[in-house]
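Analysis of the macromolecular model
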Amino acid sequence: MDVKDFYYDLPEELIAQDPLEDRSSSRLLVLNKDTGEIQHKVFRDILSYLRKGDCLVINDTKVIPARLIGSKEGTDAKIEVLLLKRRENDIWETLVKPGKKAKIGTVINFGEGLLKGTVVDVVEEGNRLIQFSYKGIFEEILDELGQMPLPPYITHQLQDKKRYQTVYAKHEGSAAAPTAGLHFTNELLGKIAEKGIEIAHVTLHVGLGTFRPVKVDNVLEHHMHSEFYIVEEEEARKINDTKKKGGRVICVGTTSCRTLESAAGEDGILKAGSGWTDIFIYPGYRFKILDCLITNFHLPESTLVMLVSALAGREHVLKAYEEAIKERYRFFSFGDAMFIASKPEQD
């Protein structure tokens with residue numbers, strides 16, 4: 001399977017640089033995964049595609065202001081550090097730019113010494129283990145010094161940090177937002193619950209995999225970085241009960257999907273628990289839990305385009321992307337959404 005099979009040509013002006021004022025007013029492309037048929041809607045119309053007895057699964061991770069700009073002790077060279085994964089003893093796995101300036105033993109100052117980081121190990125090209133020292137509470141210092149880790153294709157400064165969080169963000173730990181969830185408002189979620197649709201929460205802290213392109217020609221040789229997930233007992237019960245009763249499990253975003261597919265047994269039953277997952281879903285994968293997916297439009301040749309292609313077929317997905325480009329949809333993190341289902345019909 002060649003990575004080039006998942007390429008499409010995107011005009012740069014279609015990359016959304018800013019979030020819409022009203023989250024739920026983004027556009028929604030509805031794709032029938034079996035036939036490839038397409039409908040054009042507004043995101044709040046999702047309510048009419050969800051049925052009583054369905055279960056909507058959301059990822060309640062919260063993005064931390066994980067981007068730190070510091071200076072190298074001794075030379076004052078600017079160094080950017082992205083926090084990815086918390087280890088023990090105030091050590092974090094980080095992505096450092098430029099990596100060549102961050103050899104083992106390098107000390108980086110942030111906020112005029114309010115926070116200091118020492119490089120203690122090299123994980124791989126660009127990745128460093130950094131041990132932090134500070135006085136006070138780390139999270140409070142991070143809130144003061146850190147910036148939201150927006151993807152590199154977003155060049156505008158984010159005016160309101162909350163706009164890179166879902167309205168239901170709860171558990172801190174992500175280096176990126178689960179962006180399909182950005183379209184939901186509390187009002188829309190209220191209407192979904194009123195309609196008799198179960199809402200289940202899972203947690204997956206989005207990590208390095210989001211920032212890591214596929215660098216191999218053969219898709220099967222790509223290695224995913226691991227991310228931490230939690231599925232609580234009560235939430236697993238909601239999802240399993242939905243399946244038993246013949247309802248659909250609708251994942252909000254690829255992160256919710258990857259959580260369920262990682263925690264499910266081959267028997268299709270979701271197990272409560274926590275752990276690390278490096279699941280890589282690409283065409284040929286057989287979904288154990290997920291029935292439908294709400295997702296954004298993803299980067300060409302990315303693992304996320306591959307996941308969506310596993311659900312709806314590569315040709316249907318690329319044709320839908322082609323249509324979205326023609327119709328001037330907005331792409332990527334702050335862009336528009338897709339709803340992928342068998343027989344997506346409105347009530």
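Above this text you will find the structure in question.
Residues numbered from 1 in each chain as written. Predicted model: local features only at pLDDT ≥ 70, side-chain atom pairs only at ≥ 80, totals over all residues. Heavy atoms only, no water.

**A few points about helix H5 (residues 253–263)**
At 3.6 residues per turn, the α-helix brings residues three or four places apart onto the same side. The following threshold applies: Note on exposure labels: buried denotes an accessible area under 20% of the residue type's maximum, exposed denotes more than 50%, and partly exposed covers the range between, all computed with a 1.4 Å probe on protein chains only. Helix and strand labels come from DSSP, where a helix needs a run of H or I of at least four residues and a strand needs a run of E of at least two; each type is numbered from the N terminus.
Among the 11 residues that make up H5, 10 are buried, leaving the element largely enclosed by the rest of the structure. Taken together, the buried positions of H5 are Gly253, Thr254, Thr255, Ser256, Cys257, Arg258, Thr259, Leu260, Glu261 and Ala263.

**What to know about the packing of aromatic side chains**
Let me state the cut-off plainly: Aromatic pairing here means that ring centres of Phe, Tyr or Trp (its six-membered ring) are within 6.5 Å. Orientation follows from the plane angle: under 30 degrees is stacked, over 60 is edge-to-face, and everything else is tilted.
Under the criterion given, the structure shown has 18 aromatic pairs. A centroid spacing of 6.0 Å and a plane angle of 80 degrees characterise the contact between Tyr164 and Phe334, whose relative ring orientation is edge-to-face. Of the two residues, Tyr164 sits in the loop between helix H2 (138–145) and strand E11 (171–174) while Phe334 sits in the loop between helix H7 (314–326) and strand E17 (337–341), which places them 170 residues apart along the sequence. Like Phe334, Tyr164 is buried. Where Phe331 meets Phe332, the ring centres are 6.2 Å apart and the plane angle is 85 degrees; that geometry is what we call edge-to-face.

**So, the sheet that holds strand E10 (residues 127–134)**
Keep this limit in mind: By this definition, two strands are paired if DSSP reports at least two bridges between them. Note on geometry: axes are lines fitted to C-alpha atoms, helical ones only across the stretch in contact, with angles between N-to-C directions running from 0 to 180 degrees.
With antiparallel pairing, the 6 strands of this closed barrel are ordered in space as E5-E6-E7-E10-E9-E8. Taking each pair of neighbouring strands and ignoring which way they run, the sheet shows an average axis angle of 45 degrees. The sheet contact formed by strand E8 (residues 107–110) and strand E9 (residues 115–124) spans 4 bridges and is antiparallel. When the sheet's bridge partners are listed, Ile108 is paired in E9 with Gly117.

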